[in-house]
Amino acid sequence: KAETEARRRRTPKTISPIRRNEEAVLENTDRSWDEWFKLLDKWGANDKKHPEIVRWLLEEHEIDGWWAQSVTTAYEQERGMRAPGQRADGTYSVSASKTVDVSVKKLFDAFKNKDVREKWLGDYKINIRTTRPGTSLTGTWEEGSTRLTISFQEKGARKSQVALAHEKITEASQADELKAFWREQMNLLKKFLE
């Protein structure tokens, strides 16, 4: 119980729990959240790992894979097994996206080209590992302990979208800070490019 309380205190403020649309879960799984949680408690899910719970939901209850993941994650959050935003491996992941009135090539270049990137990101370092021009890039952040996956999508001749996932964050407080940081940086990027 003490460990559960400690996890809840470490929960980031800006990362919200999985959305609990009662109507949607009932319509798609024939059970409410409370019914799933009671069923999982009875089965002993509190002592099981994420993949095992998902597999049990898929095989024994034949619900869709997406819903098996959603029910498992909601259960883990509800029972204090994982904080909102926390992945099954204990790390956190945050994301940010922005639609910008520029071509996808120009938006991609704002991340890929170090000189351009410094104009909106400052001295923060993205160490690029892989690129797929105009589509995606991956890299590490700053000292290299966390990972970035950035994808780009054309939304028209002069409009495009960037979606960034910052992964392998070890602390909830750091995830909270990075969520706010990337939200602000995406706004700066948009102003810079437009």
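Here's what I pulled together on the structure shown here. The shown structure was predicted, so the numbers you read here are calculated from the model rather than taken from an experiment.

What follows concerns the overall build of the protein chain. The secondary structure content of the protein chain amounts to 8 helices and 5 strands. Listing every helix and strand of the protein chain by position from the N terminus yields α-α-α-α-α-β-α-α-β-β-β-β-α. Out of the 194 residues belonging to the protein chain, those deemed buried represent 40%. The long-range share in the protein chain, meaning contacts at least 24 apart out of those at least 6 apart in sequence, stands at 54%. A total of about 11400 Å² of accessible surface is found on the protein chain, and carbon and sulfur atoms cover 44% of it.

It is at 11 Å that the axes of helix 6 (residues 104–112) and helix 8 (residues 172–193) come closest, and there the two elements cross at 125°. By the angle class used here, helix 6 and helix 8 are oblique. As for the relative orientation of helix 6 and helix 8, their crossing is right-handed in sense. Residue-level contacts link K106, L107, A110 and F111 of helix 6 to M186, L189 and L193 of helix 8. Class assignment of the residues belonging to the contact of helix 6 with helix 8 gives a composition of 6 nonpolar, no polar and 1 charged.

Within the secondary structure, E62 sits in the loop between helix 4 (50–61) and helix 5 (65–78). Each C-alpha atom, one on E62 and one on T29, is 8.9 Å from the other, the two residues being 33 residues apart in sequence.

Summarising the sheet, strand 2 (residues 126–132) and strand 3 (residues 136–141) pair through 6 bridges and their orientation is antiparallel. Residue pairing for strand 3: R132 is matched across the bridge by S136. Linking two consecutive strands that pair antiparallel, namely strand 2 and strand 3, is a turn of 3 residues; a positive phi of about 75° is found at G134 within it.

Before going further, it helps to examine the environment of S145. Positionally, S145 belongs in the loop between strand 3 and strand 4 (146–156). Taking relative accessible area as the criterion, S145 reaches 47% and is therefore assigned partly exposed. Through-space distance from the C-alpha of S145 to that of I169 is 7.9 Å; in sequence the pair is 24 residues apart. Polar side-chain contacts of S145 include one of 2.3 Å to the side chain of E143.

The biggest cluster of nonpolar side chains holds 31 residues, and the ones touching the most others in it are F111, F152, W182 and L189. When contributions to this core are tallied by element, the ones reaching two or more residues are strand 1 (92–100), helix 6, helix 7 (114–121), strand 3, strand 4, strand 5 (159–169) and helix 8. Broken down by element, this core gets its largest block of residues, 8 residues, from helix 8. The next biggest cluster of nonpolar side chains, apart from the first, holds 17 residues, and it includes V25, I53, W56 and M81.

Within the structure shown, the criterion is met by 7 salt bridges. Across the pair R79 and D41 runs a salt bridge, and its minimum N-O distance is 2.6 Å. Taken together, the positions of R79 in the loop between helix 5 and strand 1 and D41 in helix 3 (residues 33–43) put the pair 38 residues apart, joining distant regions of the chain. Accessibility expressed as a relative area gives 26% for R79, which makes it partly exposed. Note that K190 is salt-bridged to E194, the shortest N-O span being 2.9 Å. For E194, a relative accessible area of 47% gives the class partly exposed.

This next bit is on the packing of aromatic side chains. The geometry of an aromatic ring pair is captured by the separation of the ring centres together with the interplanar angle, meaning the angle of the planes. Summed over the entire model, instances satisfying the criterion amount to 13 aromatic pairs. Relative to F37, the ring of W33 has its centre 6.1 Å away and its plane inclined at 35°; by these criteria the two rings are tilted. A residue pair is termed a helical-turn pair when its members lie 3 or 4 positions apart in one helix, as W33 and F37 do in helix 3 at 4 residues. Taken individually, W33 and F37 each receive the classification buried, so the pair is uniform in this respect.

Parameters at a glance
Residues numbered from 1 in each chain as written. Predicted model: local features only at pLDDT ≥ 70, side-chain atom pairs only at ≥ 80, totals over all residues. Heavy atoms only, no water. Helix = DSSP H or I, 4+ residues; strand = E, 2+ residues; numbered from the N terminus. Buried < 20%, exposed > 50% of the residue type's maximum accessible area, 1.4 Å probe, protein only. Contact = heavy atoms within 4.5 Å. Areas by Shrake-Rupley, 256 points an atom, 1.4 Å probe, with all protein chains shown as cover. Axes fitted to C-alpha atoms, helices over the stretch in contact; angles between N-to-C directions. Parallel < 35°, antiparallel > 145°, perpendicular 65-115°, else oblique. Left-handed = near helix turned anticlockwise from the far one by under 90°. Nonpolar A, V, L, I, M, F, W, Y, C, P; charged D, E, K, R; others polar. Pairing = 2+ DSSP bridges. Polar contact = N/O pair within 3.5 Å; in protein donor to acceptor, adjacent residues only side chain to side chain. Core = buried A, V, L, I, M, F, W, Y, C linked by side-chain atoms within 4.5 Å. Salt bridge = Lys/Arg side-chain N within 4 Å of Asp/Glu carboxyl O. Phe/Tyr/Trp six-rings, centres within 6.5 Å; stacked < 30°, edge-to-face > 60°.

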